[in-house]
Amino acid sequence: MNRPTKAVVLAAGLGRRLGLHHAKPLLPVAGRPILLRTLDHLAAAGVRETVLVVGYLADEVRAAVGETHAGMAVTYVESDAYRTTNNAYSLWLAREQLDEDVYLVEGDVVFDAGLPLALADSGSGAEVATAVAPYRPGMNGTVVTLGPAGTVHAMLLPAQQGPEVDLGGTFKTANVHLLRARYLREEFVPALEALIADGGHGAYYELVLADTVTAGRFPVHAVDCAHLRWYEVDDLTDHAAAEYLFAGSEDRLTLLEDLHGGYWRYDLVDHRLLYNLYFPPAPLVDELARDFRDALVHYPVGHGTLQRLLGAAIGQPAERLVVANGASELIKILGRLAGRTALVVPGFNEYEAVFDEADVHRIHLPAPDFTMDPAHVAGEARRAGVGTVIITSPNNPTSMAVPRADLVALARLLADAGIRLVVDESFVDFCAPGHSLEPDLAELPGLAVVKSMSKVYGIGGLRLGYLLSADTGFVADVRAALPIWNVNGFAESFLRLLPRYRDAFTASCERVRRDRDELAALLGELPGVTVYPPDANYVMLRLPADTSAREVVRRTFAEHGILVKDCGGKSMPDGDRYLRVACRGPQENRRLAEALAEVLVGEPYPLATGAS
């Protein structure tokens, strides 16, 4: 059938959820306002007249678009009730324009140029066609189920999508439709007029389409546009997702790195952030879900109870503990309390970030082995006149743990000089058993252990961490720097449940160790690459000479959709020759190794490890 030469675009919305002070359709995505991009694509699809239904800041929209756009005539219908009505009313205002085949487009949808053409050229011959794609969690709006011939079997508006409705297997509508003249004349426009006459000013026009599906006189053909980019922008989360979707690969990478997290919302494999994928187990999550409302609405307990809960979970006296909103909160406090400090580097960059440069003395682990000599570190600390030494073990990014005996020796050497030792053990549970210094606290009063529970327990969203020391005066000083309610109710619930799941946690760490060792073996097959023996849930590798880690990161992401971290920002020599890659499941780890091999070699490179 012929391609429409007319379009109606609904562009009257306020964009309240976006917090906008300009017209919502003029919101830029990847440097181009949504509405102008839409008009570009309609003109390219052969549209010669577009009707814009405007409302909020209508003059601003008119000024941005004008009377023509890309050779296409633009006319306007203005809503005087955009604050109190919905899109059915907006479309009803333009009903006289629904007199021939049209594309019906919502003004907050950003899409590829090929989407209107996909509707017109689908070959179905349908009087009604709607663009769809398989539903994914996080999508909002109308969904459909499909019959065997690709026609819409049922259409579910948001009000019909209660928690009991399983949306798996449904398709999300892209809010771009093709409506033929006969359908408009015989069914759609009369039904739209009846809806408004019946007081449906606050309704959605999709109600009319849903009734069309039910009546069955005009089959609604679904055109799967999963191969094309599109996104409906209703709120800030949607806007960020659309920016990512329509950005170039280099800009995408920059956007992600600026986020510092939330990668699960994007279509990628995250080998950058450091998780325990096997904890918490489903029964623990289910118990947390049952506590959801109480944890949400009630104040959590204070420090005393939190310390006892954590003490019961890790087998330590409560008076030795400070419970924090992630290790990052503790690191900030150490930056204020520790005074002049020696940082053993490379290490976790947050420690370097919280100290004034004048208060920091860096003690470098010698490349390329990155081993720690207790006597050397202690001597440097004494000569630098510091009061605290901070070291990370297992190290970030090397993934190598300092031998326990060397840390004990360092703690004693420093204690003799009146210097406190802080050991960040955030990844120690991924080591072989027996590495942690927690059992030695009573014999090493100048020792403090910091731990991020978020990483090792797989609860990055809860933000839990702790500091542990037998120096109860120091513990009291750290605790005094915290607000009364620094840990939320969900984290409190987690601590209450944790002792029941000790065996599951131990088993999860064993699985991580197996996967990590297999990943290290796979990476060891890469030509010219040095793999450091890992003790944490990540692996560091040194790339061949003249190979830029940043370029490998960029290509691995652009060509394979896999996110890894280069060590260019670490305090280490030749950091741009090193990659840190997080361990995931066996299949993802193998795909990562194959992707890195292809990037390094320039073509697919066979790996033997783990092959069946």
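1. Focus: the overall build of the protein
Part 1 of the reasoning: Looking only at helices and strands, the protein features 21 helices and 27 strands.
Part 2 of the reasoning: Projected onto its principal axes, the C-alpha coordinates of the protein cover approximately 90 × 55 × 50 Å.
Part 3 of the reasoning: Looking at the protein as a whole, 54% of its 612 residues are labelled buried.
Part 4 of the reasoning: Of the accessible surface of the protein, which amounts to about 25,500 Å², a share of 50% is contributed by carbon and sulfur atoms.
Part 5 of the reasoning: In the protein, 56 positive and 78 negative side-chain charges are present, and the distance between their average locations comes to 3 Å.

2. What to know about the packing of aromatic side chains
Part 1 of the reasoning: Following the criterion strictly, the structure yields 16 aromatic pairs and no others.
Part 2 of the reasoning: Within the aromatic cluster, the residues linked to one another by ring pairs are Phe279, Tyr457, Phe494 and Phe505.
Part 3 of the reasoning: Here the guanidinium or amino end of arginine 420 rests over the ring plane of phenylalanine 474, the centre of that ring lying 3.8 Å away.

3. A word on the pairing of strand S13 (residues 220-224)
Part 1 of the reasoning: In terms of residue burial, S13 counts as a mostly covered element, since 4 of its 5 residues are buried.
Part 2 of the reasoning: Sheet analysis places strand S9 (residues 128-134) next to S13, joined by 5 bridges and oriented parallel. Counted as the bridge partner of alanine 131 is valine 223 from S13.

4. Quick look at the packing of helix H11 (residues 303-314) against helix H18 (residues 489-497)
Part 1 of the reasoning: Look at H11 against H18: their axes get within 8 Å of each other, and the N-to-C directions meet at 40°. Judged by the sense of rotation from one axis to the other, the crossing of H11 with H18 is left-handed. Contacts from Thr305, Leu306, Leu309 and Leu310 in H11 reach Glu492, Leu495 and Arg496 in H18.
Part 2 of the reasoning: For the contact of H11 with H18, the residue count by class is 4 nonpolar, 1 polar and 2 charged.

5. Thoughts on the pairing of strand S18 (residues 360-364)
Consecutive side chains along a regular strand alternate between the two faces of the sheet.
Part 1 of the reasoning: Pairing of strand S17 (residues 341-345) with S18, which is carried by 5 bridges, proceeds in the parallel orientation. Along S18, the bridge assignment pairs valine 345 with histidine 364.
Part 2 of the reasoning: For the handedness criterion, the β-α-β arrangement of S17, helix H13 (residues 349-354) and S18 is classed as right-handed.

6. Here's the deal with the packing of helix H19 (residues 502-523) against helix H21 (residues 586-601)
Part 1 of the reasoning: Interaxial distance between H19 and H21 falls to 10 Å at its minimum, and their mutual angle equals 20°. One finds that H19 runs roughly parallel with respect to H21. Classified by chirality, the crossing of H21 by H19 is right-handed. Residues Asp515, Glu518, Leu519, Leu522 and Leu523 of H19 form the contact with H21, whose participating residues are Pro586, Asn589, Arg590, Leu592, Ala593 and Leu596.
Part 2 of the reasoning: For the contact of H19 with H21, the class distribution of residues is 7 nonpolar, 1 polar and 3 charged.

7. Structural notes on helix H6 (residues 206-215)
Part 1 of the reasoning: Turning to H6, its buried residues are Glu206, Val208, Leu209, Ala210, Thr212 and Val213.
Part 2 of the reasoning: Once H6 finishes, glycine 216 follows within two positions and takes phi at roughly 80°, a positive value.

8. Topic: the sheet that holds strand S26 (residues 565-566)
Part 1 of the reasoning: Across the sheet, 4 strands lie side by side as S23-S24-S27-S26; this open sheet has antiparallel pairing. Of all the strands in the sheet, just strand S23 (530-531) and S26 have a single pairing partner and so form its edges.
Part 2 of the reasoning: In this sheet, strand S24 (residues 538-542) lies alongside S23 in antiparallel orientation, the contact comprising 2 bridges. Its bridge partner lying in S24, valine 531 is registered against leucine 541.
Part 3 of the reasoning: Those strands touched by H19 are S23, S24 and strand S27 (578-582), and its axis lies near 15° from that of S24.

9. Overview of the state of the cysteines
Part 1 of the reasoning: Applying the stated rule across the entire model yields 0 disulfides.
Part 2 of the reasoning: A disulfide-free cysteine, cysteine 509 has its sulfur positioned 10.0 Å from the sulfur of cysteine 431, the nearest such atom.

10. Regarding helix H12 (residues 327-337)
Residues spaced three or four apart along an α-helix face the same direction, because each turn holds 3.6 residues.
Part 1 of the reasoning: Within H12, burial applies to Ala327, Glu329, Leu330, Ile331, Ile333, Leu334 and Gly335.
Part 2 of the reasoning: Residues of H12 that are buried make contact with strand S16 (321-324), H13, strand S20 (420-424), strand S21 (447-452), strand S22 (465-469) and helix H17 (472-480).
Part 3 of the reasoning: Positioned one or two residues after H12, glycine 339 has a phi angle of 70°, which is positive.

Conventions we followed
- Residues numbered from 1 in each chain as written.
- Predicted model: local features only at pLDDT ≥ 70, side-chain atom pairs only at ≥ 80, totals over all residues.
- Heavy atoms only, no water.
- Helix = DSSP H or I, 4+ residues; strand = E, 2+ residues; numbered from the N terminus.
- Buried < 20%, exposed > 50% of the residue type's maximum accessible area, 1.4 Å probe, protein only.
- Areas by Shrake-Rupley, 256 points an atom, 1.4 Å probe, with all protein chains shown as cover.
- Lys, Arg positive; Asp, Glu negative; His and termini not counted.
- Charge placed at Lys NZ, Arg CZ, Asp CG, Glu CD.
- Phe/Tyr/Trp six-rings, centres within 6.5 Å; stacked < 30°, edge-to-face > 60°.
- Lys NZ or Arg CZ within 6 Å of the ring centre and 35° of its normal.
- Pairing = 2+ DSSP bridges.
- Axes fitted to C-alpha atoms, helices over the stretch in contact; angles between N-to-C directions.
- Left-handed = near helix turned anticlockwise from the far one by under 90°.
- Contact = heavy atoms within 4.5 Å.
- Nonpolar A, V, L, I, M, F, W, Y, C, P; charged D, E, K, R; others polar.
- Right-handed = clockwise from strand over helix to strand, strands pointing away.
- Parallel < 35°, antiparallel > 145°, perpendicular 65-115°, else oblique.
- Disulfide = S-S within 2.5 Å.

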